[in-house]
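Listed here are the chains, written in short residue letters.
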Amino acid sequence: EPEVTQTPSHQVTQMGQEVILRCVPISNHLYFYWYRQILGQKVEFLVSFYNNEISEKSEIFDDQFSVERPDGSNFTLKIRSTKLEDSAMYFCASRGRSTGELFFGEGSRLTVL
Amino acid sequence: DQQVKQNSPSLSVQEGRISILNCDYTNSMFDYFLWYKKYPAEGPTFLISISSIKDKNEDGRFTVFLNKSAKHLSLHIVPSQPGDSAVYFCAASSTYNTDKLIFGTGTRLQVFP
C-alpha cells in the first residue's frame, strides 16, 4: 500500500541551527502538507503546497520556515534557525485530487537543545 | 481559537462494548469531517469521514454520526477491541478551503479486556 515516508525519524539539533526535514509523498498525490504536534498538544497545521507553491500557511509558519519540492518526489521543510519551541513531531501529509483525506507519514521528531 | 473541540481527553471501555468519542465544532463553514487514529510515535491514520450532506457513515465497526444543527459529531466503535486503544482525533475542513484540516485535541481511548 502506498505510504508517505519521512526522514529522519529523529533529529537532535542545537538552537540556532538549520534543520531540513524530508518527505516523500504518495506518488500520484498533488497536495502536500506539513503539520506538527508539540508533545501533549493537538496536531497543528503549518503549511499546504500545491502546484509548486504554498497555498496556505498558518501563523506558526513564519519567515524561519520554508518548504520546497526540489524534484518530482521529495517535499522538504526547512527551519532556518531553530528555537527551543520548535521541538515537536513534524508530520508530512499528502492527498490526491479527488479525496479529502490526508495520508500522513510517521513523523520526524525534532529536539532542539 | 479552538474550532474543533474534543472535550474528553480520555475514555476507558471494556472489550466488546461500544466506544463513543465526541467532537464539537464552531465553524459553520466546515462541511467535511474526518476521524484519525494515532498510535504513539506514528502518524495519524485515516479512519472514516463524513460529508455534511449526510448524517451517518458506516465502515465496518466504525460509524460516524453528524448533527449539523448541534455542530456535533461522534465516532462509534462497536464492538471495541484492545487494538483500538489509541488517540483519536476529530478533524474538519471546508469545501471552500480544502487545503487544511483543523484537528481537535484528541481523545485517548483505552479498551481493556
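Since this is a predicted model, take the numbers as computed values, not measurements.

Rules and cut-offs
Residues numbered from 1 in each chain as written. Chains lettered and ligands numbered in written order. Predicted model: local features only at pLDDT ≥ 70, side-chain atom pairs only at ≥ 80, totals over all residues. Heavy atoms only, no water. Helix = DSSP H or I, 4+ residues; strand = E, 2+ residues; numbered from the N terminus. Buried < 20%, exposed > 50% of the residue type's maximum accessible area, 1.4 Å probe, protein only. Lys, Arg positive; Asp, Glu negative; His and termini not counted. Salt bridge = Lys/Arg side-chain N within 4 Å of Asp/Glu carboxyl O. Disulfide = S-S within 2.5 Å. Patch = residues over 30% accessible without salt bridge, like charges linked within 9 Å, V, L, I, M, F, W, Y side chains within 5 Å. Areas by Shrake-Rupley, 256 points an atom, 1.4 Å probe, with all protein chains shown as cover. Charge placed at Lys NZ, Arg CZ, Asp CG, Glu CD. Phe/Tyr/Trp six-rings, centres within 6.5 Å; stacked < 30°, edge-to-face > 60°.

> Which residues make up the side chain of B:Asp31, and what are the values?
Residue position: B:Asp31 is located in the loop between β3 (19-25) and β4 (32-38). Of the buried charged residues, B:Asp31 lacks a salt bridge, with B:Lys68 as the closest side chain of opposite charge at 11 Å.

> Got a sec to walk through the state of the cysteines? Specific residues and values, please.
All names here are of chain B. Under the definition given, this model contains 2 disulfides over all chains. Two residues share a disulfide in this structure: Cys23 and Cys90, whose sulfurs sit 2.0 Å from each other. Negative torsions about the S-S bond denote left-handed disulfides, and the value of about -70° found for Cys23 with Cys90 makes this one left-handed. Remark: Cys90 occurs in strand β9 (residues 86-94) and Cys23 occurs in strand β3; sequence separation between them is 67 residues. In this structure Cys23 comes out as buried when scored by relative accessible area, which is 0%. With a relative accessible area of 1%, Cys90 lands in the buried category.

> Run through the pattern of salt bridges, naming residues and quoting values.
Counting across every chain of the model gives 4 salt bridges over all chains. One salt bridge in this structure joins A:Arg36 and A:Glu44, with 3.4 Å as the shortest N-O distance. Owing to a relative accessible area of 8%, A:Arg36 belongs among the buried residues under this scheme. One salt bridge connects B:Lys56 with B:Glu58, and the closest N-O pair in it is separated by 4.0 Å. Look at B:Lys56 and you get partly exposed, because its relative accessible area is 42%.

> So, a negative patch on the surface: which residues are in play, and what are the values?
Side chains of A:Glu1, A:Glu3, A:Glu106 and B:Glu42 sit close together on the surface and give a patch of like negative charge. Relative to the helices and strands, A:Glu3 is located in the segment before β1 (5-7). For A:Glu3, a relative accessible area of 56% puts it in the exposed group.

> Summarise the packing of aromatic side chains; cite the residues concerned and give the values.
Inspection of the entire model under this criterion finds 17 aromatic pairs over all chains. Consider the rings of A:Trp34 and A:Phe75, whose centres lie 6.0 Å apart with planes at 25°: the pair is stacked. Of this pair, A:Trp34 sits in strand β4 (residues 31-37) while A:Phe75 sits in strand β8 (residues 75-79), and the two are 41 residues apart along the sequence. Here the two residues A:Trp34 and A:Phe75 agree in accessibility, since each one is buried. One aromatic cluster is present, built from ring pairs that chain together A:Tyr33, A:Tyr35, A:Phe45, A:Phe91, A:Phe104, B:Tyr36, B:Phe46, B:Phe89 and B:Phe103.

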